[in-house]
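# An overview of the molecular structure
Okay, here's what each chain looks like letter by letter:
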Amino acid sequence: MKPANEILSIVNQALADMPFDRQPIRLYEPVKYVLSLGGKRIRPVLMLMAYGLYRDELETILPTALGIETYHNYTLLHDDVMDKADVRRGKPTVHKVWDENTAILSGDSMLVLAYQLMSQTDDKHLRAVLELFTETALEIGEGQQYDLDFESRMDVREEEYIEMIRLKTSVLLACALKIGAIQADAPTADADLLYRFGESLGLAFQLQDDLLDVYGDAKTFGKRIGGDILENKKTFMLINALRLANDSQRAELERWLAAPPTQEKITAVTALYDAIGIRALAEQKINDYFDLAFTCLDRVALPSERKQPLRDFALSLMGREN
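Heads up: these notes are all about the structure in this document. (Residues numbered from 1 in each chain as written. Predicted model: local features only at pLDDT ≥ 70, side-chain atom pairs only at ≥ 80, totals over all residues. Heavy atoms only, no water.)

## So, the state of the cysteines
In this structure the tally under the stated criterion is zero disulfides. Free of any disulfide, Cys175 has its nearest cysteine sulfur in Cys296, 17 Å distant. With relative accessibility at 0%, the residue Cys175 sits in the buried group. (Disulfide = S-S within 2.5 Å. Buried < 20%, exposed > 50% of the residue type's maximum accessible area, 1.4 Å probe, protein only.)

As structure tokens, then:
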């Protein structure tokens with residue numbers, strides 16, 4: 001199997017070569033713009049790596065890899081509209097460059113383009129691929145709605161939060177891996193294990209994102225530290241702080257939740273997390289899902305050396321080494 005950096009180059013070149021020759025130009029320019037902003041291309045790389053576990057001709061399934069990346073970026077485009085975000089990957093968002101109506105309509109077109117790319121799957125695998133992709137797309141919408149619902153709730157439980165991030169984030173990683181395995185005619189058991197590998201890896205990845213939002217380095221994290229605290233987001237950190245706090249800690253935490261977004265608020269809430277022991281709790285949860293992911297990968301019925309590039313890529317996503 002090719003290493004991840006070579007596969008990433010293949011994906012980036014294929015995205016750059018995608019034709020956008022339909023009219024009107026104003027509808028498709030934002031699509032091209034969004035896909036040109038870069039990123040790690042995690043989902044298409046995972047799809048091609050899963051396929052590469054069993055077959056070598058990666059170009060065969062490039063359309064579906066491009067389809068899942070187009071779909072992912074469609075969700076980001078609409079997220080930016082809903083969040084009124086001004087910047088994505090260091091560049092102005094579509095609704096800032098154009099306008100909100102254009103962003104919504106171009107996003108809708110991206111969803112259709114994603115299905116058009118997915119439909120280029122060969123006839124043998126088309127139904128299975130489209131069924132999995134459609135189920136995943138529905139789950140992601142459900143996860144987004146749960147996330148919106150949580151904004152107005154103070155009683156969100158940890159298990160509810162885990163299910164929300166599973167739906168909103170993890171299932172697309174899992175879908176990418178399983179679609180790659182399906183198209184490579186992998187054994188059903190292997191395809192299911194690769195799905196579970198991606199699902200657990202996605203949970204670990206999102207929980208680590210929660211942790212880094214509080215304890216990360218702004219230079220390497222890529223965004224302001226404490227953003228979730230400023231927005232009172234119901235993250236693993238806040239949910240468990242509210243659950244485990246004693247009476248005085250809870251009263252102080254609730255006071256800061258009602259306070260305006262300031263650096264003082266970030267400092268105070270972080271100090272409460274330290275006192276309650278939230279960092280260690282989050283790190284343990286991350287490690288649990290990380291270990292579960294690699295248990296699933298280890299059970300895939302292939303030689304370890306064949307799976308090593310995929311293992312290395314997953315470790316790099318989590319900032320870890322063998």
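## Re the environment of Val45
In this fold, Val45 is placed in helix α3 (residues 42–52). Classification of Val45 as buried rests on a relative accessible area of 1%. The spacing of Val45 and Ser9 is 36 residues in sequence and 9.6 Å in space, taken between C-alpha atoms. Excluding its chain neighbours within four sequence positions, the residues that come into contact with Val45 are Ala4, Ile7, Leu8, Lys40 and Phe313. (Helix = DSSP H or I, 4+ residues; strand = E, 2+ residues; numbered from the N terminus. Contact = heavy atoms within 4.5 Å.)

## Things to note about helix α2 (residues 25–35)
Those residues of α2 that fall on the buried side of the exposure criterion are Leu27, Tyr28, Pro30, Val31, Tyr33, Val34 and Leu35. On its buried face, α2 is in contact with α1 (4–16), α4 (62–83), β2 (91–92), α5 (94–97) and α6 (100–118).

## Comments concerning the pattern of salt bridges
Tallied over the entire structure, the rule returns 21 salt bridges. One salt bridge in this structure joins Arg26 and Asp99, with 2.8 Å as the shortest N-O distance. A residue pair is termed long-range when its members are at least 10 positions apart, and Arg26 in helix α2 and Asp99 in the loop between α5 and α6 qualify at 73 residues. By relative accessible area, which is 29% here, Asp99 ends up partly exposed. Through salt bridges with shared partners, a single ionic network connects Arg153, Asp155, Arg157, Glu159 and Glu160. (Salt bridge = Lys/Arg side-chain N within 4 Å of Asp/Glu carboxyl O.)

## Looking at the nonpolar core
Counting residues in hydrophobic clusters, the biggest one holds 111 residues, and the most contacted among them are Leu194, Phe197, Tyr273 and Leu310. Not counting residues up to four positions away in its chain, the partners in contact with Tyr273 are Val214, Tyr215, Ile229, Met237, Leu238, Ala241 and Ile278. (Core = buried A, V, L, I, M, F, W, Y, C linked by side-chain atoms within 4.5 Å.)

## What about the packing of helix α8 (residues 158–183) against helix α9 (residues 188–215)?
The N-to-C vectors of α8 and α9 enclose an angle of 140 degrees; their axes lie 7 Å apart at closest approach. As far as their axial angle goes, α9 and α8 are oblique. With respect to the hand of their crossing, α8 and α9 are arranged in right-handed fashion. In the contact of α8 with α9, the residues fall into 15 nonpolar, five polar and five charged. (Axes fitted to C-alpha atoms, helices over the stretch in contact; angles between N-to-C directions. Parallel < 35°, antiparallel > 145°, perpendicular 65-115°, else oblique. Left-handed = near helix turned anticlockwise from the far one by under 90°. Nonpolar A, V, L, I, M, F, W, Y, C, P; charged D, E, K, R; others polar.)

## Overview of unusual backbone geometry
Note that the residue after Gln23, namely Pro24, is joined by a cis bond; omega there is 0 degrees. Within the fold, Pro24 resides in the loop between α1 and α2. Of note in this structure, Lys84 is not a glycine but carries a positive phi near 55 degrees. Here Lys84 is to be found in the loop between α4 and β1 (87–88). Its identity as a non-glycine residue notwithstanding, Arg89 has a phi of 55 degrees, on the positive side.

## Here we look at α3
With eleven of eleven residues buried, α3 lies mostly within the body of the structure. Within the span of α3, buried status applies to Ile42, Arg43, Pro44, Val45, Leu46, Met47, Leu48, Met49, Ala50, Tyr51 and Gly52. In this structure, the buried residues of α3 make contact with α1, α4, α6, α8, α9 and α16 (304–317).

## Quick word on the layout of surface pockets
In this model, the second largest pocket occupies a volume close to 330 Å³. Considering the residues around the second largest pocket, the lining is formed by 13 residues, among which Met18, Pro19, Arg22, Leu113 and Gln116 are closest to the centre. Of the residues forming the lining of the second largest pocket, the biggest block, five residues, is contributed by α6. Here the lining of the second largest pocket is composed, by residue class, of eight nonpolar, three polar and two charged. (1 Å grid on protein atoms, 1.4 Å probe; cavity = no way out; pocket = protein on both sides within 12 Å on 5 of 7 lines; lining within 4 Å. Points joined across faces, edges and corners; volume = space filled by probe spheres on them.)

## Topic: the packing of α1 against α4
Two elements in contact, α1 and α4, have axes whose closest approach is 10 Å; the angle formed by their N-to-C orientations is 80 degrees. Overall, the two elements α1 and α4 adopt an arrangement that is roughly perpendicular. In contact with Ile10, Val11, Ala14 and Leu15 of α1, α4 contributes Leu62, Leu66 and Glu69. Residues of the contact of α1 with α4, tallied by class, amount to six nonpolar, no polar and one charged.

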